[in-house]
Amino acid sequence: MSFLSNILTGVSLGSIYAIIALGYTMVYGIAKMLNFAHGDVIMVGAFMCFFATGRYGLPPLVSVLLAVVVCTALGILIEGLAYKPLREAPSLAVLITAIGVSYLLQNGAQLLWGADTKTFTPIVSGSLSLVEGRLNISYVSLLAMACCLVVMVCLTLFTSRTRMGKAMRACSEDKGAAQLMGINVNSTISMTFAIGSALAAVAGVLMCSAYPVLSPTTGSLPGIRAFTAAVFGGIGSIPGAFLGGILLGIIETFAKAYISTDLSDAVVFAVLIIVLLVKPAGLLGKYVPEKV
Amino acid sequence: MKEILKVTDLNVNYGAIHAIHGVSLTVNEGEIVSLIGANGAGKTTILHTITGLTKAAGGSVLFGGTELLATEPHKIVAMGMAHVPEGRHVFAQMTVTENLEMGAYFRKDKDQIEKDLADVLRRFPRLKERSRQLAGTLSGGEQQMLAVGRALMSHPRILLLDEPSMGLSPLLVKEIFTTIEDVNREGVTILLVEQNAKMALSIASRAYVLETGSVVMEGEGKAMLRDDNVRKAYLGA
Ligand SMILES: Nc1ncnc2c1ncn2[C@@H]1O[C@H](COP(=O)(O)OP(=O)(O)OP(=O)(O)O)[C@@H](O)[C@H]1O
Ligand SMILES: [Mg+2]
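Residues numbered from 1 in each chain as written. Chains lettered and ligands numbered in written order. Predicted model: local features only at pLDDT ≥ 70, side-chain atom pairs only at ≥ 80, totals over all residues. Heavy atoms only, no water.

Trainee: What is the right way to read the site of ligand 1 from this model?
Mentor: All names here are of chain B. Taken together, 14 residues are adjacent to ligand 1, and Lys43, Thr44, Thr45, Glu86 and Gln195 come closest. Take Tyr14: an N or O atom from its side chain is 3.5 Å from a nitrogen atom of ligand 1. At 2.6 Å, a side-chain N or O of Gln195 approaches an oxygen atom of ligand 1. Its free accessible area being 630 Å², ligand 1 has 62% of it covered by the protein chains. Secondary structure elements with two or more residues in the shell around ligand 1: β2 (17-28) and α1 (43-50). The element best represented in the shell around ligand 1 is α1, accounting for three residues. Looking at side-chain class alone, the shell around ligand 1 contains five nonpolar, six polar and three charged residues. (Near = heavy atom within 4 Å. Polar contact = N/O pair within 3.5 Å; in protein donor to acceptor, adjacent residues only side chain to side chain. Areas by Shrake-Rupley, 256 points an atom, 1.4 Å probe, with all protein chains shown as cover. Helix = DSSP H or I, 4+ residues; strand = E, 2+ residues; numbered from the N terminus. Nonpolar A, V, L, I, M, F, W, Y, C, P; charged D, E, K, R; others polar.)

If you want it as structure tokens, here you go:
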């Protein structure tokens with residue numbers, strides 16, 4: 001039973017990583033940059049929910065919506081103010097800016113809301129008892145899995161069927177050619193940040209509901225793990241981020257259960273390195289040779 | 001004859017490199033105008049500046065009376081100007097059909113888009129056979145056809161072509177040039193950049209010769225084919 005229970009824990013943790021990784025991977029795919037501030041947007045989303053539900057007692061659904069709206073706006077703002085002016089700049093300058101934005105958000109949160117660790121009020125509580133009580137699964141875990149599935153299906157349909165989604169794929173492949181087709185590249189990039197940040201808000205609320213502590217640095221470690229998941233699955237690939245996230249959650253949970261809690265990150269990275277040695281583009285990373 | 005595109009005193013810099021020095025050229029409605037010149041002369045830069053992929057340092061680009069240098073680049077295609085860039089730049093991870101649909105991205109007339117798609121596939125039967133294949137898996141020649149087909153999907157009044165014959169077999173080069181003439185006969189004005197000066201001059205109404213960022217000669221295509229200086233420098237005679 002503990003094996004099965006570990007699988008469930010792993011998949012639900014992985015679902016949260018996957019939702020974060022999807023945002024990472026979409027932004028990378030289009031803006032060709034690692035948005036290191038992505039993890040901190042998660043934290044802002046969680047804080048919104050913390051205040052709305054924990055302090056002011058608003059219904060969870062309203063809090064989640066508020067978190068999504070605030071993070072979407074924040075994502076658009078970050079892109080427009082910090083990254084857009086650097087569109088032609090060397091990638092190192094963009095990377096350093098992203099790290100700067102990450103610290104700005106963390107320190108801003110510290111200034112506004114204090115550095116102390118807060119106890120988060122989960123948006124759902126309780127758990128489902130299966131097999132005569134020998135297998136328990138929390139409703140938060142179930143919710144995380146359901147959210148991840150819905151997000152994945154919606155994103156797949158969005159990118160394959162809709163005009164905006166196709167514009168996004170075109171931009172991610174070739175901005176110049178996309179512009180020649182009449183696609184507004186700037187607004188497409190902005191849109192991608194909006195989607196990624198909205199997902200970060202959802203992930204933040206789910207994560208803090210599952211592990212109910214919150215501080216200004218809450219987002220950074222999950223952000224790095226989700227980035228790892230995105231690379232694991234093949235950065236830029238949507239199904240890759242999904243698969244990478246779920247696998248990462250499972251590996252982490254099993255490493256904690258059977259090896260050591262302290263070593264779980266080391267195990268995760270060891271697996272990542274092995275995968276990248278065998279498949280340099282990640283599990284589902286695509287490599288289409290360009291003909292000249 | 002009515003001017004459709006008028007470039008005046010265009011200057012373009014890449015950092016400290018002054019790539020285009022006061023280039024002026026005109027394309028009239030219905031013409032095929034060729035722009036020839038050696039590697040690095042600035043041909044691609046001129047096309048890129050016209051469609052906004054590169055910023056100009058000065059000058060003017062009037063298209064049907066509108067100043068393109070002051071127009072948001074993504075709005076240019078909807079004004080009736082399509083650009084087939086050097087090196088094709090098809091969307092490698094999209095199917096052939098999706099690539100063609102991207103050419104009609106700004107259009108809203110769904111029914112007419114369907115018809116145009118069928119027309120393009122009729123024009124390039126090879127694309128039809130491969131319509132569900134990823135563009136990145138096509139041969140170079142097929143990618144070139146796709147790039148031209150994608151541009152035609154925007155229903156352009158003028159088509160800018162940047163070295164459409166590059167890397168193609170002699171047979172395919174002929175095919176591409178025949179297509180260019182067909183498209184022109186159907187009423188699309190053409191501005192053609194080519195290394196293959198002989199072919200480019202033979203189909204051109206008029207032509208310009210570019211050397212290190214300046215126009216050094218202009219004239220009728222056929223006349224240029226007979227010009228001694230052109231023959232020596234560009235036709236290997
Ligand atoms: N992005 C760039 N940065 C710096 N210099 C550039 C850039 N693009 C082009 N150049 C320079 O500008 C000049 C003109 O280049 P351009 O590509 O327009 O030439 P071209 O006539 O199209 O050549 P080719 O026939 O080889 O395609 C060249 O000297 C080139 O090195
Ligand atoms: Mg060129």
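Trainee: What is the right way to read the coordination of the magnesium ion (ligand 2) from this model?
Mentor: Residue and element names in this part refer to chain B. Taken together, the protein ligands of the magnesium ion (ligand 2) are Thr44 (OG1) and Glu86 (OE), with distances of 1.8 to 2.3 Å. Of this pair, Thr44 sits in helix α1 while Glu86 sits in the loop between β6 (81-84) and α2 (96-103), and the two are 42 residues apart along the sequence. By relative accessible area, Glu86 is classed as partly exposed at 30%. (Donors = N, O, S within 2.8 Å, 3.2 Å for Na, K, Ca; no water. Buried < 20%, exposed > 50% of the residue type's maximum accessible area, 1.4 Å probe, protein only.)

Trainee: Explain the packing of helix α5 (residues 139-161) of chain A against helix α8 (residues 185-210) of chain A here, please?
Mentor: In a pair of packed helices, the angle between the axes and the distance between the axes together describe the arrangement. Residue and element names in this part refer to chain A. Axis separation between α5 and α8 bottoms out at 9 Å; the angle between their running directions is 170°. What the angle tells us is that α5 and α8 run roughly antiparallel. The hand of the α5/α8 crossing is left-handed. Between α5 and α8, the contacting residues are Val140, Leu143, Ala144, Cys147, Val151, Leu155 and Phe158 on the first element and Met191, Ile195, Leu199, Leu206, Ser209 and Ala210 on the second. Along the lines of polarity and charge, the residues of the contact of α5 with α8 split into 12 nonpolar, one polar and no charged. (Axes fitted to C-alpha atoms, helices over the stretch in contact; angles between N-to-C directions. Parallel < 35°, antiparallel > 145°, perpendicular 65-115°, else oblique. Left-handed = near helix turned anticlockwise from the far one by under 90°. Contact = heavy atoms within 4.5 Å.)

Trainee: I keep staring at the environment of B:Ala19 and nothing clicks. Help me out?
Mentor: Residue and element names in this part refer to chain B. Position of Ala19 relative to the elements: it lies in strand β2. Judged by relative accessible area, which is 15%, Ala19 ranks as buried. Look past the residues within four positions of Ala19 in its chain and what remains in contact with it is Val12, Asn13, Tyr14, Ala41, Thr45, Thr212 and Gly213.

Trainee: Looking at this structure, I do not really get the sheet that holds strand β1 (residues 3-14) of chain B. What am I missing?
Mentor: The pairing of strands in a sheet happens through backbone hydrogen bonds and is either parallel or antiparallel. All names here are of chain B. Ordered in space as β2-β1-β4-β5, the four strands form an open sheet in which the pairing is antiparallel. Sheet topology places β2 and β5 (66-67) at the edges, where each strand pairs with a single neighbour. Along the sheet, α1 makes contact with β1, β2 and β4 (58-63), crossing β1 at roughly 115°. (Pairing = 2+ DSSP bridges.)

Trainee: Would you take a moment to explain the nonpolar core for this structure?
Mentor: In summary, soluble globular proteins display a tendency toward joint burial of nonpolar side chains. Core analysis: the largest hydrophobic core is formed by 84 residues, its most contacted members being A:Leu22, A:Tyr83, A:Leu155, A:Ile183, B:Phe91 and B:Met102. For this core, the element with the highest residue contribution is α8(A), accounting for 13 residues. When neighbours within four sequence positions are excluded, A:Leu155 is seen to be in contact with A:Leu22, A:Met26, A:Ile195, A:Leu199 and A:Ile238. (Core = buried A, V, L, I, M, F, W, Y, C linked by side-chain atoms within 4.5 Å.)

Trainee: Help me out: how do you make sense of the environment of B:Asn99 in this one?
Mentor: Residue and element names in this part refer to chain B. Following the sequence through the fold, Asn99 ends up in helix α2. In the structure, Asn99 is positioned 51 residues away from Arg150 in sequence and 6.4 Å away in space, judged by C-alpha atoms. Non-local contacts of Asn99, meaning those with residues more than four positions away in its chain, are made with Val90, Phe91, Met94, Ala135, Leu146 and Arg150.

Trainee: What is the right way to look at unusual backbone geometry in this model?
Mentor: With the exception of glycine, the majority of residues adopt a negative phi angle, and the majority of peptide bonds are in the trans configuration. Residues and elements named next belong to chain B. For Arg88, which is not a glycine, the phi torsion comes out positive at approximately 70°. Within the element layout of this structure, Arg88 appears in the loop between β6 and α2. Arg88 sits in the buried class, given a relative accessible area of 4%. In this structure, His155 is a non-glycine residue whose phi angle is positive, near 55°.

Trainee: I tried to follow the pattern of salt bridges on my own but got confused; where do I start?
Mentor: Where charged atoms from two side chains of opposite charge approach closely, those side chains can pair. Overall, the coordinates contain 19 salt bridges over all chains when judged by the stated rule. Note that B:Glu129 is salt-bridged to B:Arg130, the shortest N-O span being 3.1 Å. Judged by its relative accessible area of 63%, B:Glu129 falls in the exposed class. What emerges from the salt-bridge pattern is a single network uniting A:Arg225, A:Glu252, A:Lys256 and A:Asp265. (Salt bridge = Lys/Arg side-chain N within 4 Å of Asp/Glu carboxyl O.)

Trainee: For this particular structure, what's the right way to read a nonpolar patch on the surface?
Mentor: Residue and element names in this part refer to chain A. On the surface, Leu128, Leu130, Val131, Tyr139 and Leu142 cluster together to form a nonpolar patch covering roughly 360 Å² of accessible area. Contributions of two or more residues to the nonpolar patch are made by β2 (127-130) and α5. Assignment of secondary structure puts Val131 in the loop between β2 and β3 (135-138). Owing to a relative accessible area of 39%, Val131 belongs among the partly exposed residues under this scheme. (Patch = residues over 30% accessible without salt bridge, like charges linked within 9 Å, V, L, I, M, F, W, Y side chains within 5 Å.)

Trainee: Explain the interface of chain B and chain A here, please?
Mentor: Interfaces are often sized by the accessible area lost when the parts come together. On the chain A side, the residues contacting the 30 residues of chain B number 22 residues. Summing both sides of the interface, chain B and chain A together bury roughly 2,400 Å²; the carbon and sulfur share of this comes to 57%. Inspection of the region where chain B meets chain A yields two salt bridges. B:Glu98 serves as the salt-bridge partner of A:Arg169, at 3.1 Å between the closest nitrogen and oxygen. The interface formed by chain B and chain A includes seven residue pairs in polar contact (both at pLDDT 80 or more). Counting only elements with at least two residues in the side of chain B that touches chain A, the list comes to α2 and α5 (140-152) of chain B. In terms of residue count, α2(B) provides more of the side of chain B that touches chain A than any other element does, four residues in total. (Buried area = accessible area lost by both parts, 1.4 Å probe.)

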